[in-house]
Every structure is written in C-alpha cells, then in structure tokens.
Amino acid sequence: MNCQDFLQHVEDELLSHPEAAVASLRAHLADCDQTSCREFLENTLAIEEAVRVWRDQTPQVDVTGTVLTRWKTEAAVPDVREPVRPSESPSMHRATPDPTPPPASRAWPVVLAVALLMLTLLVPGRSGKNDRAGTGPVAAVEPSVPSPTPSPNVADAEPHTAVVRDRSIAYYNAAQHATRMVTDAVVLVLPDDDPSSQFEDPTHVPEWVGHWEEQIEPLKTQFDSAVRSLMNVLPEPMPAT
Amino acid sequence: MSDLRQLLQRCLAGEEEGAREFVARFQQPVFGLCYRMLGHFQDAEDVTQDALLRALRHLSRWDQSRPFRPWLMAIAANRCRTALDQRRRRPHPTAETVDTAVAPPEPTGDLGEELQLALESVRDELRCCFVLFYQDGMSCAEISEAMNVPEGTVKTWLHRTRRQLAERLRQRGIVPETTHELPGLSSTR
C-alpha cells in the first residue's frame with residue numbers, strides 16, 4: 001500500500017476509530033519519511049486536540065421557561081399557520097381541531113357524488129336526442145331520476161349539455177362493447193378451471209397451458225399457407241448480369 | 001427509546017410537564033449546534049427557542065419509525081440556516097467600521113477559540129456536519145438523515161472540513177511547521 005492509499009485509509013478510520021488511526025499513522029511514519037505523511041499526522045493531532053478543547057467550551061443555556069411560556073401562549077391561541085391538508089382548499093381551512101371523520105366513513109358521499117354525476121351525464125335529455133342511452137343499463141333507472149334543475153340561461157346551455165351528454169353516452173357504449181369483447185375472448189381462451197386448486201398444488205399445470213401448442217396449431221397452419229401463397233405471388237428475383 | 005417515546009406522547013397530549021422535560025432534555029444539544037453555527041450566544045439562544053418551539057408544535061409530523069434526534073437537529077439546522085441568511089442580508093458595515101470589522105483577530109493561543117474561528121470560515125453545511133459529528137456525537141448515518149444527504153457525502157464533508165480547518169490553523173500558526181519531532185496525542189474523540 002502506497003502512502004496515498006494509506007492516508008486515505010487512515011482518513012476513513014479517523015471517523016470511526018481515531019485512536020487506532022493515529023496509532024497506525026505513527027507506525028507508518030516509523031518507516032516513512034514522506035513530508036505529506038508527517039504533515040497529515042500533525043494536522044490530525046492538532047485537530048483532535050482542538051476539538052477536545054472546543055467541545056468543552058460550549059456554554060450552558062436554559063431556555064425552558066421562555067419556550068414553555070411561548071408554547072402555552074400558542075396553545076391558548078389557535079394556530080392559523082397550521083398547514084392546509086391536501087383535501088381542503090385554503091378557504092376551507094379551519095384553525096379549530098378538524099372534526100372531519102376518517103376516510104372510511106367519508107367514502108359513501110364520494111360514491112353518491114360519482115353516481116349522481118354519472119346519472120346526470122347519462123340520462124337522456126328532454127329533446128329526445130339520446131336514442132342510444134336506451135340500449136344501456138342506464139335505461140332501467142331512467143324514469144326514477146329527476147331531470148336536473150334548468151339553469152336560468154337554458155337556451156344557451158342546452159346545446160352544450162346535449163353534446164357533452166351524447167359524447168359521454170357514446171364513450172360509455174364503446175367501453176361497454178370493448179369490455180364485452182375482452183370478456184368473450186377470455187372466456188374462449190381460458191377453460192373453466194378451479195383457480196383454488198392451482199394454489200393447493202404448486203406443480204399443477206392447467207389444461208389450457210399444457211396443450212397450448214395443440215390449440216394454436218390451426219392458426220399456425222393458416223399463417224404458413226398465407227406466407228406460402230404470398231411467396232408464390234411475388235416475382236422471382238432476377239439473376240445478376 | 002421507549003422512555004423518549006413516552007415523553008413525546010406526553011408532549012403530543014399537551015402535557016405541560018412533558019413539554020418542560022422535553023425542553024430540558026434537548027435544549028443543550030440544540031443550543032450547542034446553534035451556538036457553533038452562529039457563533040453568537042444571544043442569537044443562538046433565540047434560535048434554540050424557535051427550534052424547540054417548532055419541534056413541540058409539529059411533533060405530530062415526526063415519523064415514529066425514524067430516529068427522533070436527527071429530526072430535531074434538522075429543525076435546528078434549518079433555523080440556523082435561516083438566521084444566517086437573515087444575517088447576511090443585513091446592511092454591510094460602513095467604511096468607518098470596516099477596518100476593525102474585517103481585521104482578523106490576533107491568535108489567542110486557545111485551541112478551542114481558534115478552532116471556532118476557523119470553523120466560521122467554512123461553508124454552512126460543512127460546519128453543520130462537523131458540529132453534529134464532533135460536538136453532538138451523531139453518527140454519519142444520523143447526520144445523513146438530519147441533513148438529507150447520502151452518508152458518503154457526510155464523510156466527504158467531514159474529511160474536507162478537517163483539511164480546511166487544519167489549513168486554517170496552520171496559517172494562524174496553531175499547527176507548527178512540519179518537524180521530525182512528533183507531538184503526543186493527548187486525547188481523541
């Protein structure tokens with residue numbers, strides 16, 4: 001180990017075992033006359049000694065009375081600097097203790113709000129433009145939902161509302177169709193296995209997994225014939241002249 | 001540690017005696033950091049009060065899965081940084097006072113005072129790191145937690161501070177010129 005590596009090692013050791021580091025430095029200097037090593041030792045000794053004196057010179061202080069007085073004063077006056085919770089807007093901020101119930105008991109208003117929003121968007125308007133809504137599951141609840149209170153400026157608001165409603169219903173129907181397609185595809189691919197048995201026996205391999213090669217065989221055959229016919233259609237490469 | 005947790009629970013419950021114990025227990029380490037960071041007794045006392053009060057006020061924000069001391073010292077270090085920033089924004093001394101304000105004091109021969117003087121010349125984060133390690137006895141991992149930097153950075157900062165302090169002490173004639181005579185080590189950390 002050269003001097004540079006050694007000093008690096010000693011420098012690390014100084015943070016955990018300073019006495020051992022100094023001892024090894026002294027031992028190193030018995031065989032080394034490098035000025036850098038000697039200077040390092042002198043610096044180390046000076047810092048260690050200075051730190052010892054410096055640490056003992058820290059004055060004592062007693063702020064107990066002042067801090068307690070201020071703490072009690074603050075406790076008596078509501079702290080308006082309390083941070084605002086993310087779920088609250090600044091205008092909702094209260095200095096008094098927060099009586100908001102825990103999240104679990106707050107779930108039902110959220111669900112209700114979402115349900116109302118969905119119903120508002122999906123219920124067909126009085127203009128009779130939303131024929132597609134009748135095909136969805138919303139049609140069943142349609143008669144029981146009261147129509148929203150008309151705004152004072154109904155003439156202006158109505159076309160926009162109708163457009164939004166139409167787009168929402170179209171999106172809803174498309175999503176429903178997509179869900180049905182995916183569900184059908186999964187049902188076609190996956191046989192009705194008992195999922196619990198897979199966890200009971202770790203070596204269990206479901207039927208559809210074990211015979212997947214047989215199941216995709218028709219697809220492979222069709223793909224191969226398609227590639228062959230494509231190759232037949234393509235012209236023969238011309239030899240180089 | 002359970003003793004500390006009980007104390008903190010009492011503080012959280014608003015118990016005055018608990019708060020008194022809390023302040024009595026932590027005022028000295030917090031003041032030590034503030035005093036070494038600011039180099040001024042009165043300023044350090046004010047910042048110590050602020051830091052302890054802030055810690056009491058926001059005790060509920062302390063993550064109980066983590067050690068408490070780094071959290072508290074981080075608050076104190078932040079208050080010190082704010083105080084130092086405010087101090088630097090104050091108007092500079094006038095031309096008449098510059099001569100006396102800038103002139104470096106004569107070497108006192110007191111190692112502790114010389115070290116504090118040298119310490120005031122290094123960067124704030126290096127000084128904070130050094131004080132937490134050598135005065136407060138915090139480990140590199142705890143300092144890393146308190147200062148929100150990797151542990152390797154803490155070690156690098158400590159090495160760098162030691163080198164800068166040694167250089168400064170050498171300039172001030174506290175560390176003798178390199179000789180073949182090795183001084184004895186009277187004590188270590």
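Quick notes on the rules
- Residues numbered from 1 in each chain as written.
- Chains lettered and ligands numbered in written order.
- Predicted model: local features only at pLDDT ≥ 70, side-chain atom pairs only at ≥ 80, totals over all residues.
- Helix = DSSP H or I, 4+ residues; strand = E, 2+ residues; numbered from the N terminus.
- Buried ≥ 20, exposed ≤ 12 C-beta atoms within 10 Å, placed from the backbone.
- Contact = placed C-beta atoms within 7 Å.
- pLDDT = per-residue confidence, 0-100.
- Expected span 1.5 Å × (residues − 1).
- Nonpolar A, V, L, I, M, F, W, Y, C, P; charged D, E, K, R; others polar.
- Axes fitted to C-alpha atoms, helices over the stretch in contact; angles between N-to-C directions.
- Parallel < 35°, antiparallel > 145°, perpendicular 65-115°, else oblique.
- Left-handed = near helix turned anticlockwise from the far one by under 90°.
- Core = buried A, V, L, I, M, F, W, Y, C linked by C-beta atoms within 7 Å.

Draft legend 1. Region of the structure containing the overall build of chain A. From N to C terminus, chain A includes 10 helices and zero strands. Sequence-ordered secondary structure for chain A, helices as α and strands as β, is α-α-α-α-α-α-α-α-α-α. Relative to its full complement of 241 residues, chain A shows a buried share of 11%. Sequence-distant contacts in chain A: of pairs separated by 6 or more residues, those separated by 24 or more amount to 44%.

Draft legend 2. Region of interest: the overall build of chain B. Along its length, chain B carries nine helices and zero strands. Each helix (α) and strand (β) of chain B, taken in turn from the N terminus, gives the series α-α-α-α-α-α-α-α-α. Here chain B, with 189 residues, has 34% of them falling under the buried criterion. For chain B, the share of sequence-separated contacts (at least 6 apart) that also reach a separation of at least 24 residues comes to 65%.

Draft legend 3. Spotlight on the confidence of the model for chain B. Residue and element names in this part refer to chain B. Overall, the predicted model of chain B reaches an average pLDDT of 85, with 85% of residues at or above 70. No element of chain B has a lower mean pLDDT than helix α5 (residues 95-102), which averages 53, and none a higher one than helix α7 (residues 124-134), which averages 95. Confidence over residues 180-189 falls short of pLDDT 50; this stretch has 19 contacts with residues more than four positions distant or in other chains. Interface confidence for the predicted complex, expressed as ipTM, amounts to 0.81; the pTM equals 0.57.

Draft legend 4. Layout of helix α3 (residues 35-56) of chain A. An ideal rise of 1.5 Å per residue puts 32 Å on 22 residues; α3 of chain A measures up with 32 Å between its terminal C-alpha atoms. All of the buried residues in α3 of chain A are Phe40, Leu41, Glu42, Thr44, Leu45, Ala46, Ile47, Glu48, Glu49, Ala50, Val51 and Trp54 of chain A. Residues of α3 of chain A that are buried make contact with α1 (3-16) and α2 (18-30) of chain A together with α6 (111-119), α7 and α9 (151-171) of chain B.

Draft legend 5. Examining unusual backbone geometry more closely. Even without glycine at this site, Asn148 of chain B takes up a positive phi of about 60 degrees. Under the C-beta neighbour-count criterion, Asn148 of chain B is labelled exposed, with 10 such atoms within 10 Å.

Draft legend 6. Region of interest: the interface of chain A and chain B. Between chain A and chain B, the residue contacts involve 37 residues of the former and 45 residues of the latter. No other element matches the 17 residues that α3 of chain A contributes to the side of chain A that touches chain B. Across the side of chain A that touches chain B, the residue classes break down as 18 nonpolar, seven polar and 12 charged.

Draft legend 7. Summary view of the packing of α1 of chain A against α2 of chain A. Residues and elements named next belong to chain A. Interhelical geometry of α1 versus α2 gives an angle of 155 degrees and a closest axis separation of 7 Å. By the criterion of interaxial angle, the relationship of α1 to α2 is roughly antiparallel. Crossing of α1 over α2 shows left-handed handedness. Counted together, Phe6, Val10, Glu13 and Leu14 of α1 and Pro18, Ala20, Ala21, Ser24, Leu25 and His28 of α2 form the full contact between these two elements. Among the residues making up the contact of α1 with α2, the classes are represented as seven nonpolar, two polar and one charged.

Draft legend 8. Inspection of the nonpolar core at higher detail. Residue and element names in this part refer to chain B. Core analysis: the biggest nonpolar cluster contains 64 residues, and Val30, Leu33, Cys34, Leu52, Ala76, Cys129 and Leu132 have the highest contact counts within it. Per element, the largest residue contribution to this core is 11 residues, and it comes from helix α2 (residues 16-38). Leave out the neighbours within four places in its chain, and Leu33 touches Met73, Ala76, Ala77, Cys80, Val131, Leu132 and Asp136.

Draft legend 9. The arrangement of the environment of Ala118 of chain B in detail. Residue and element names in this part refer to chain B. Inspection of the secondary structure assignment puts Ala118 in helix α6. Overall, Ala118 belongs to the buried group, with 23 C-beta atoms counted inside 10 Å. C-alpha separation for the pair Ala118 and Arg168, spaced 50 residues apart in sequence, amounts to 6.0 Å.

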